[in-house]
Amino acid sequence: MNILHLDSNHEILIEQLQKLGHTNSEDYTSTKQEIELKIHQFEGIVIRSRFKIDKQFIDKATRLKFIARVGAGLESIDVDYAASKNIQLIAAPEGNRNAVGEHALGMLLSLFNNLNKVHHEIKDGKWLREENRGHELDGKTVGLIGYGNMGKSFAKKLRGFDVTVICYDIKANVSDENCQQVSLEELWKKTDVLSIHTPFNELSHEMINRDFINNFKKPFWFINTARGSAVVTNHLTEALKQGKILGAGLDVLEYEKSSFENLFENNQLPEAFEYLINADNVILSPHVAGWTIESKKKLAETIVSKIKKHF
């Protein structure tokens with residue numbers, strides 16, 4: 001097959017596809033409109049999040065057999081329309097789930113031990129010990145929303161701690177040796193730490209809002225390595241100010257562009273974001289939870305194996 005690569009990835013992706021007999025073309029700079037003029041020549045597309053694959057684009061891709069996204073989610077693709085055209089959709093959540101699980105754990109431990117705060121204090125010449133007594137995970141209940149690849153990875157990382165891990169998921173019977181599935185009401189009642197691992201969809205959009213937060217019976221720590229659109233940031237900062245949320249580790253923000261490559265196009269920062277960047281109990285990272293040296297290779301290998309399986 002002729003395969004068009006629209007984003008750069010680990011070199012083994014193209015190398016292994018070539019070994020399987022496929023022809024690979026690369027175009028990382030042309031506009032979406034320019035790509036549309038030639039997309040009819042290709043049976044396959046490999047993309048990360050450069051632009052949306054919408055109905056118009058798919059209509060011009062008259063020979064297309066598959067769209068492979070080197071990542072976990074498919075929200076940048078018109079999934080239903082692609083399926084109606086018998087186009088195989090391929091994603092690779094297996095490739096970066098370990099990285100996401102480790103990142104979520106790192107954020108949680110950093111929050112519990114004020115590591116971000118004390119790092120900057122010491123650099124400013126402050127040596128404050130009593131003011132920086134931390135918290136221990138021992139005895140806490142970690143609640144997960146979403147128990148797919150990413151949620152399971154995080155739960156597995158928590159096995160080394162004396163914690164209770166519970167999860168809420170719209171799918172039934174997802175419990176395993178690392179996590180017990182519970183009702184949303186039970187999650188609200190028991191959770192000390194909330195970590196979300198949901199895909200982008202209508203159910204998860206703005207899910208973490210004022211009403212949702214107020215349903216929790218105890219103040220809690222919050223981790224988001226999923227999608228920024230799942231959180232209403234104004235409501236999050238409100239809860240942080242009120243002490244309903246004790247601290248937040250955010251790898252994703254609602255302000256991100258769909259490509260995930262940029263945040264703001266000018267210097268006018270939203271008030272809620274100004275609060276986040278100045279809060280001692282908030283840790284931010286630029287959508288890199290699944291962005292490790294190892295995951296880059298694993299993502300490429302996963303895409304190749306799935307293309308090989310289907311084609």
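Report follows, based on the coordinates. This is a predicted model, so every value here is computed, not measured.

1. What to know about the side chain of histidine 235
Next, step 1: Here histidine 235 is to be found in helix α10 (residues 233-242).
Next, step 2: Given the relative accessible area of 18%, histidine 235 is considered buried.
Next, step 3: There is a polar contact of 2.9 Å between the side chain of histidine 235 and the backbone nitrogen of arginine 210.
Next, step 4: In contact with histidine 235, not counting residues within four places along its chain, are Asn209, Arg210 and Ile213.

2. Quick word on the packing of aromatic side chains
Centre-to-centre distance and the angle between the planes together describe a pair of aromatic rings.
Next, step 1: Using the criterion set out here, one finds 7 aromatic pairs in the structure.
Next, step 2: For the pair tryptophan 188 and phenylalanine 212, a centre-to-centre distance of 5.6 Å together with 75° between the ring planes defines the contact as edge-to-face. Placement of tryptophan 188 in helix α8 (residues 184-190) and of phenylalanine 212 in helix α9 (residues 210-214) is noted, with a sequence separation of 24 residues between them.
Next, step 3: Classification of tryptophan 188 by relative accessible area gives buried; the value is 14%.

3. A word on the nonpolar core
Next, step 1: Within the largest apolar cluster, 31 residues are counted, with the highest numbers of intra-cluster contacts made by Leu194, Ile196, Ile208, Phe212 and Phe222.
Next, step 2: Looking at this core, the elements that each hand over two or more residues are α8, β9 (193-196), α9, β10 (220-224), α10, β11 (245-250) and α11 (271-278).
Next, step 3: Excluding anything up to four places from it in sequence, isoleucine 208 contacts Leu194, Ile196, Ile213, Phe222, Ala230, Val231 and Val232.
Next, step 4: Judged by nonpolar contacts, the second largest core, of 22 residues, contains Leu105, Leu111, Val142 and Ala155.

Analysis parameters
Residues numbered from 1 in each chain as written. Predicted model: local features only at pLDDT ≥ 70, side-chain atom pairs only at ≥ 80, totals over all residues. Heavy atoms only, no water. Helix = DSSP H or I, 4+ residues; strand = E, 2+ residues; numbered from the N terminus. Buried < 20%, exposed > 50% of the residue type's maximum accessible area, 1.4 Å probe, protein only. Polar contact = N/O pair within 3.5 Å; in protein donor to acceptor, adjacent residues only side chain to side chain. Contact = heavy atoms within 4.5 Å. Phe/Tyr/Trp six-rings, centres within 6.5 Å; stacked < 30°, edge-to-face > 60°. Core = buried A, V, L, I, M, F, W, Y, C linked by side-chain atoms within 4.5 Å.

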